[in-house]
Amino acid sequence: MAIQQTLNVVSFFKNLSENMLELFIKRKGLELDIQTLKSENGQQYWEDSVDEDKRNDCRLDCGEIAKLCTENGPTFIVEAINYSSLSKEDKESIERSLETLEAIQDKAVWLYLNHRDLLDKAGKFCFVDEIRDTAWKRRKGFDTRTPLTDKESQRLFSKELSVYFHDKKKKGRHCVTEFLKRDGTYLFFAHQEDTAVRENQFDADRMSSVTRKPEYLVVFSFTPREGLLEVWGESLGKSVVTLYKIFCTDTLGPREIATGKPRKQLRSSKSDDSKASVQFDTSSEFEEPCSYRDSVGQYRG
């Protein structure tokens, strides 16, 4: 399980404008003097005035916000807005509001306060782009049809991944799959409900560990126009072939579906490679790592 170092919350606060910090503190249900919090004695004031649970809660939220407070943060935010289902008018309204803020920290906090779903989407784009290019398992030649993203298909997809994670990785039984579309690429983030990223933190001179968001065990990136499927995960090895087949069965659907055969007759109850319902040639080597722009002409993901 991943261990991550956390940011210093008070230092993060000091990089916010007083108005944005006041709004954030109010949202968290705290009553603090902003001037004191931003002063040299801010850390001691924070620890004396706020209980540990509240401090942890703020730390986790600030950690998610801080991921977008980087050089590429504005790009991820713009993408999150552009690829959302919001109306043109709503998108333009959000963009105008963000333009009134100078610092990226203020922009990210404003998004947290007003459009948490966009903050989450931008964070996922950031996560995907931070994956090393050579860490993806690529394969071309898949069906170019649009993947299924309806609730039932996602439920079946999650169910099959749950079996895979439990049987192969001993990771538990309940899988959650989140879907996002980024330009012409479909992203699927899979994690178990009982797995999470942990992080170390210093609080009142004590080291402790807190639970953050769920740990993504597998990310699928599919570009229909190229028939290109990319899979990322820790130590996948040859099991990536099973993941290819699960993806084909549950998001692309077996080719026989087009003939009108019932879906339930085409699905396999096993996740083993030898019994998977979708068949394709696995004798060739995986695609050699290449730049994402070279392969599909778009940003990674």
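Computed from a predicted structure; not experimentally measured. (Residues numbered from 1 in each chain as written. Predicted model: local features only at pLDDT ≥ 70, side-chain atom pairs only at ≥ 80, totals over all residues. Heavy atoms only, no water.)

Asks: Help me understand the overall build of the chain, please; the structure alone is not making it clear to me.
Replies: What the chain contains, in helices and strands, is 13 helices and eight strands. Buried positions account for 48% of the 301 residues belonging to the chain. Here the chain has roughly 15,600 Å² of accessible surface; of this, 45% comes from carbon and sulfur atoms. (Helix = DSSP H or I, 4+ residues; strand = E, 2+ residues; numbered from the N terminus. Buried < 20%, exposed > 50% of the residue type's maximum accessible area, 1.4 Å probe, protein only. Areas by Shrake-Rupley, 256 points an atom, 1.4 Å probe, with all protein chains shown as cover.)

Asks: What am I meant to see in the environment of Tyr244 here?
Replies: Along the chain, Tyr244 turns up in helix 11 (residues 240–252). Judged by its relative accessible area of 1%, Tyr244 falls in the buried class. For the pair Tyr244 and Arg139, spaced 105 residues apart in sequence, the C-alpha separation works out to 8.9 Å.

Asks: What am I meant to see in the side chain of Gln154 here?
Replies: Among the secondary structure elements, Gln154 is positioned in helix 10 (residues 151–169). On the basis of relative accessibility, which here comes to 10%, the residue Gln154 falls in the buried class. Ignoring anything within four residues of it in the chain, the contact list for Gln154 reads Leu148, Thr149, Thr177, Phe179, Phe188 and Thr251. (Contact = heavy atoms within 4.5 Å.)

Asks: What is the right way to read the pairing of strand 3 (residues 175–182) from this model?
Replies: Taken together, the eight bridges between strand 3 and strand 4 (residues 185–192) define a ladder with antiparallel strand orientation. Residue Val176 lies in a different strand from strand 4, and its bridge partner there is His191. Between the antiparallel neighbours strand 3 and strand 4 lie two residues, among them Asp183 with a positive phi of about 55°. (Pairing = 2+ DSSP bridges.)

Asks: Got a minute to help me understand the packing of helix 8 (residues 104–114) against helix 9 (residues 116–130) in this structure?
Replies: The geometry of a pair of packed helices is captured by two quantities: the angle between their axes and the separation between those axes. Two elements in contact, helix 8 and helix 9, have axes separated by 5 Å at closest approach and are oriented at 125°. Taken together, the axis directions place helix 8 and helix 9 in an arrangement best described as oblique. In this structure, helix 8 uses Ala108, Leu111, Tyr112 and Asn114 to contact helix 9, whose residues at the interface are Arg116, Leu118 and Leu119. For the contact of helix 8 with helix 9, the per-class residue count stands at five nonpolar, one polar and one charged. (Axes fitted to C-alpha atoms, helices over the stretch in contact; angles between N-to-C directions. Parallel < 35°, antiparallel > 145°, perpendicular 65-115°, else oblique. Nonpolar A, V, L, I, M, F, W, Y, C, P; charged D, E, K, R; others polar.)

Asks: Is there a simple way to explain the sheet that holds strand 3 in this structure?
Replies: Strand pairs in the sheet, formed through backbone hydrogen bonds, run parallel or antiparallel to each other. Across the sheet, five strands lie side by side as 2-8-7-4-3; this open sheet has antiparallel pairing. Strand pairing shows two members of the sheet lacking a second neighbour, strand 2 (137–139) and strand 3, which therefore form its edges. Across the sheet, the axes of successive neighbouring strands diverge by a mean angle of 15°, strand direction being ignored. Across the sheet, helix 9 lies against strand 3, strand 4, strand 7 (218–223) and strand 8 (228–233), angled at about 90° from strand 3, the strand it touches most.

Asks: Would you mind showing me how to read unusual backbone geometry here?
Replies: With the exception of glycine, the majority of residues adopt a negative phi angle, and the majority of peptide bonds are in the trans configuration. Its identity as a non-glycine residue notwithstanding, Asp183 has a phi of 55°, on the positive side. Relative to the elements of secondary structure, Asp183 occurs in the loop between strand 3 and strand 4. The backbone of Ser235 shows a phi angle near 50°, a positive value even though the residue is not glycine. Looking at where Ser235 falls in the secondary structure, it is placed in the loop between strand 8 and helix 11. Residue class for Ser235 comes out exposed when judged on its relative accessible area of 66%.

Asks: Before we go on, may I ask you to explain the confidence of the model for the chain in this structure?
Replies: Should pLDDT be low for a region, the predicted coordinates there are not to be read in detail. Residues at a pLDDT of 70 or more form 73% of the chain, whose mean pLDDT is 79. Within the chain, helix 7 (residues 88–99) carries the highest mean pLDDT (97), whereas helix 13 (residues 292–296) carries the lowest (35). When the criterion is pLDDT under 50, residues 1–5 qualifies, and its contacts beyond four places in sequence or with other chains add up to 15 contacts. Below pLDDT 50 for its whole length, residues 195–212 participates in 63 contacts with residues either more than four positions away or in separate chains. (pLDDT = per-residue confidence, 0-100.)

Asks: Could you clarify how one ought to interpret the pattern of salt bridges in this entry?
Replies: Summed over all chains, the structure comprises twelve salt bridges. With its nearest N and O atoms 2.6 Å apart, the salt bridge here joins Arg138 to Glu230. Taken together, the residues Arg138 in strand 2 and Glu230 in strand 8 connect sequence positions 92 residues apart. Note on accessibility: Arg138 and Glu230 belong to one class, buried. Between Arg145 and Asp143 there is a salt bridge whose closest N-O contact spans 2.9 Å. With a relative accessible area of 27%, Arg145 lands in the partly exposed category. Each of Lys28, Asp57, Asp61 and Arg116 takes part in a single network of salt bridges with overlapping partners. (Salt bridge = Lys/Arg side-chain N within 4 Å of Asp/Glu carboxyl O.)

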